[in-house]
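Descriptive structure summary
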Amino acid sequence: MAGLRLLLSRDDVDPSRAGLWGHSEGGWVVPLAASNAGVGFVVIVGASAVPPAEVQAWSTCAHLVHSGFPESLCEPIGVNPTRLLVSAGMFPEADYDPVPAFDGLDVPTLVLLAEHDQSTAPVSSGEQFRRMLSDDAGSRVCVVPGANHEFRASSDGFAATEAFA
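Being a predicted model, the structure only gives us computed values, none of them experimental.

**Quick look at the nonpolar core**
Counting residues in each nonpolar core, the largest one holds 23 residues, and the members touching the most others are L20, V39, V42, I44, F102, V111 and F129. Secondary-structure elements contributing two or more residues to this core are α2 (26–34), β2 (41–45), α5 (99–103), β3 (109–114) and α6 (122–133). Once residues lying within four places of it in the same chain are set aside, the contact partners of V39 are L4, P15, A18, G19, L20, A34 and V107. Ranked by size, the runner-up nonpolar core spans seven residues in total, among them V45, A114, A147 and F151.

**Notes on the environment of V99**
Following the sequence through the fold, V99 ends up in helix α5. Spatially, the C-alpha atoms of V99 and H66 are 30 Å apart, while their sequence positions differ by 33 residues. With residues up to four places along the chain from it excluded, the contact list for V99 reads Q128 and M132.

**Section: the sheet that holds strand β4 (residues 140–144)**
With parallel pairing, four strands are arranged side by side in an open sheet as β1-β2-β3-β4. Of all strands in the sheet, those bounded by a partner on one side alone are β1 (19–23) and β4. The mean inter-strand angle of the sheet, taken between neighbouring strand axes irrespective of direction, is 15°. Bridge analysis of β1 against β2 gives five bridges, and the strand direction is parallel. Of the residues in β2, the one forming a bridge with G22 is I44. Across the sheet, α2 lies against β1 and β2, angled at about 160° from β1, the strand it touches most.

**A short note on the packing of aromatic side chains**
The description of an aromatic ring pair rests on the distance of the ring centres and on the angle between the ring planes. For the structure on display, the rule yields two aromatic pairs. Taking 6.3 Å as the distance between ring centres and 70° as the angle between the ring planes, the aromatic pair formed by W28 and Y96 counts as edge-to-face. Residue W28 is located in helix α2, and its partner Y96 is located in the loop between α4 (74–87) and α5; the two are separated by 68 residues in the primary sequence. Among the residues examined, W28 registers a relative accessible area of 12% and is labelled buried. An angle of 65° between the planes, with centres 5.4 Å apart, marks the rings of F102 and F129 as edge-to-face. Here F102 is found in helix α5, whereas its partner F129 is found in helix α6, with 27 residues between them in sequence. Taken individually, F102 and F129 each receive the classification buried, so the pair is uniform in this respect. The ring of F164 has R152 sitting right over it, with the charged end atom 4.0 Å from the ring centre.

**Examining the state of the cysteines**
A full pass over the atoms with the stated rule returns zero disulfides. Free cysteine C74: the closest other cysteine sulfur is in C61, separated by 3.1 Å. Relative accessible area serves as the criterion here: at 10%, C74 is assigned to the buried category.

**Let's talk about the pairing of β2**
Burial analysis of β2 places four of its five residues in the buried class, the great majority of the element. Viewed along the sheet, the connection from β1 through α2 into β2 turns out right-handed.

Conventions we followed
Residues numbered from 1 in each chain as written. Predicted model: local features only at pLDDT ≥ 70, side-chain atom pairs only at ≥ 80, totals over all residues. Heavy atoms only, no water. Core = buried A, V, L, I, M, F, W, Y, C linked by side-chain atoms within 4.5 Å. Buried < 20%, exposed > 50% of the residue type's maximum accessible area, 1.4 Å probe, protein only. Helix = DSSP H or I, 4+ residues; strand = E, 2+ residues; numbered from the N terminus. Contact = heavy atoms within 4.5 Å. Pairing = 2+ DSSP bridges. Axes fitted to C-alpha atoms, helices over the stretch in contact; angles between N-to-C directions. Phe/Tyr/Trp six-rings, centres within 6.5 Å; stacked < 30°, edge-to-face > 60°. Lys NZ or Arg CZ within 6 Å of the ring centre and 35° of its normal. Disulfide = S-S within 2.5 Å. Right-handed = clockwise from strand over helix to strand, strands pointing away.

Everything listed here is a matter of geometry and, on its own, says nothing about what the molecule does.
Shown next, in the form of structure tokens:
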């Protein structure tokens, strides 16, 4: 935020062309920051629109299935440990709801999701982002085909090349 304030203090910077970019968990932070910063736009990349505990359980299951575990074991091996961490107080922001932060945004927002993201549940997040931004004609939700969480070229989200998708 200090960097953005410095940038916006310059006479040669058009505030409407200065924005914030947040990748992954940064997608939860940027909308909070932008609602108080007077930025011109927001870009959210590889982020989740669902609470952290939910996305962690989904990601753990995706990795387990990819490793050869039967999907029927996702609940006991993937979801239950997340629940245990939450109930033990070891995952303090587990139930953070990203939706209210987006309600405070009144700037154009671009959400980029990776087709093969194995960290942030791109399908459910994409649906939620579309609902949150549906009333804002200046905002878009786009899926980058053949991309993993880091937006590297990948056919499955696990193996990737160094090239960007």
